[in-house]
Amino acid sequence: MRLTLIALAALLAAGTAAADYPDKPVTLIVPFAAGGPTDKVARDLAEALRKPLGATVIVENVGGVGGTLGANKVAKAAPDGYTLLLHHIGIASATALYRTLPYKTLEDFEYLGLVNEVPMTLIGRPSLPASNYAELAKWLESNKGNINLAHAGVGSASHLCGLLYQSAIKIDMTTVPYKGTAPAMNDLLGGQVDIMCDQTTNTTGQIEAGKVKAYAVMSSKRLPSGPLAKLPTADESGLKGFNLAVWHGMYAPKGTPKAVIDKVNTALRAALKDADFHKRQEALGAVIISDARLAPAEHKKFVEAEINKLTPVIKAAGIYAD
Ligand code: ASP
């Protein structure tokens, strides 16, 4: 009887807290370094969420181990809606790639909704003596054994893209991990590494300013408009069927009250309609997820399907992680 009363009191307290949510700032964890593509999406989204959520959203960068450190921090956080995660395709690719992870992707999170899709681009250091994809292919062929590919850690999108690319062209490269593609981009600009796959949310400005070499879009279609519309796809460049695009979604720790999940999902739907958010994201090549696909259940189904899709692709490419 006593136990039942205690459980009831806890339930009522959680209910009241959920009804008042949010009454303090919400932390949005980005599992990569500040200034990179995931961070850029998160900071724009944090701003767009402020009004509909009714709270300040503070972005915290927890980079390392291909996004798994930040994801684990959220999986283990209090399920009260004040610690959320913005992650990308890495939440699925790390699940397909690592033999063990400190969290269970489909069991340890509440799914709050998808955000956007972002194409990846293959870029090179400014001093690389190749100005288009055909020249890059020749350069890679004649520099075998001496090529550095930068990425954001094992399990990240740039890592997955880089590994699939090596497998597609049958050339092994030295892969150089960073806590995100912001620091990787700095080394690419400085010429310490040769090539990298990265989202257009990070590469558009650098390509437009002529600061890096741009070789291909790694998803199946060219960008419909904007500064990268002329960039050919990997498929057009001879890598038949190569198609890797990044998507983002929001997560909360398992056990977060349904009322909180619903509030965040409603705020997310409103944020994704925000005109400024749209403009900034579209200018960087991102496509906002349509309202019809924004239910948390759709999001979870999609991540599950991505894990199932990526697992055989990763295995077939002979890619493993610990
Ligand atoms: N673009 C990175 C990745 O490859 C992540 C980041 O730094 O935002 O996964």
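Up top is the structure these notes are about.
Residues numbered from 1 in each chain as written. Predicted model: local features only at pLDDT ≥ 70, side-chain atom pairs only at ≥ 80, totals over all residues. Heavy atoms only, no water.

Peer 1: Break down the environment of Arg125 for me, with residues and values.
Peer 2: Note that Arg125 resides in the loop between β4 (109-124) and α5 (133-142). When the C-alpha atoms of Arg125 and Lys213 are compared, they prove to be 6.2 Å apart, with 88 residues separating the residues in sequence. Discounting residues that sit within four places of it in the chain, Arg125 has contacts with Trp139, Leu188, Gly191, Val193, Asp194 and Lys213. A polar contact of 2.9 Å, which involves the side chain of Arg125, links it to the side chain of Ser127. (Helix = DSSP H or I, 4+ residues; strand = E, 2+ residues; numbered from the N terminus. Contact = heavy atoms within 4.5 Å. Polar contact = N/O pair within 3.5 Å; in protein donor to acceptor, adjacent residues only side chain to side chain.)

Peer 1: Just give me the short version of the site of the ligand, but keep the residues and values in it.
Peer 2: In the vicinity of the ligand, the contacting residues are Phe32, Pro37, Thr38, His88, Ala152, Ser156, Ala157, Ser158, Gly180, Thr181, Asp198 and Gln199. Separating a nitrogen atom of the ligand from a side-chain N or O atom of Gln199 is a distance of 2.6 Å. In isolation the ligand has 270 Å² of accessible area, and contact with the protein removes 100% of it. Only α2 (37-53), α6 (157-169) and β7 (195-199) provide two or more residues apiece to the shell around the ligand. Its residues assigned to classes, the shell around the ligand comprises four nonpolar, seven polar and one charged. (Near = heavy atom within 4 Å. Areas by Shrake-Rupley, 256 points an atom, 1.4 Å probe, with all protein chains shown as cover. Nonpolar A, V, L, I, M, F, W, Y, C, P; charged D, E, K, R; others polar.)

Peer 1: How would you explain the pairing of strand β3 (residues 83-87) if you had to name every residue and give the values?
Peer 2: Successive residues of a regular strand alternate their side chains across the two faces of the sheet. Of all five residues in β3, five are buried, a share of seventy percent or more. As judged from the three bridges shared by strand β1 (residues 26-30) and β3, these two strands associate in the parallel manner. Across the sheet, Ile29 pairs through a bridge with Leu85, a residue of β3. By the bridge criterion, three bridges tie β3 to strand β9 (residues 245-253) in an arrangement that is antiparallel. If you follow Leu86 over to β9, its bridge partner there is Met250. (Buried < 20%, exposed > 50% of the residue type's maximum accessible area, 1.4 Å probe, protein only. Pairing = 2+ DSSP bridges.)

Peer 1: Any details on the state of the cysteines? Residues and values, ideally.
Peer 2: Counted according to the given criterion, the structure contains one disulfide. One disulfide in the model links Cys161 with Cys197; its S-S distance is 2.2 Å. Between Cys161 and Cys197 the sulfur-sulfur dihedral comes to about -45°; the bridge is accordingly left-handed. Of this pair, Cys161 sits in helix α6 while Cys197 sits in strand β7, placing them 36 residues apart in sequence. (Disulfide = S-S within 2.5 Å.)

Peer 1: Account for the nonpolar core, naming residues and giving values.
Peer 2: Leu45, Phe109, Leu136, Leu140, Tyr165, Met218 and Met250 are the most contacted members of the largest nonpolar core, which totals 87 residues. With residues near it in sequence (within four places) discarded, Met218 still touches Met120, Thr121, Leu122, Cys161, Tyr165, Cys197, Ala234, Phe242, Asn243 and Leu244. Counting 15 residues, the second largest nonpolar core, distinct from the first, contains Ile123, Met185, Leu223 and Leu231. (Core = buried A, V, L, I, M, F, W, Y, C linked by side-chain atoms within 4.5 Å.)

Peer 1: Explain the packing of aromatic side chains to me, using residue names and the numbers behind them.
Peer 2: Inspection of the entire model under this criterion finds six aromatic pairs. Geometrically, the ring pair formed by Tyr133 and Tyr165 is edge-to-face, given 6.4 Å between the ring centres and 70° between the ring planes. In this pair, Tyr133 sits in helix α5 while Tyr165 sits in helix α6, placing the two residues 32 residues apart along the sequence. When its relative accessible area of 0% is taken as the criterion, Tyr165 is described as buried. A centroid spacing of 4.9 Å and a plane angle of 75° characterise the contact between Trp247 and Phe302, whose relative ring orientation is edge-to-face. Taken together, the positions of Trp247 in strand β9 and Phe302 in helix α11 (residues 296-316) put the pair 55 residues apart, joining distant regions of the chain. (Phe/Tyr/Trp six-rings, centres within 6.5 Å; stacked < 30°, edge-to-face > 60°.)

Any link to function would need more than the numbers given here.
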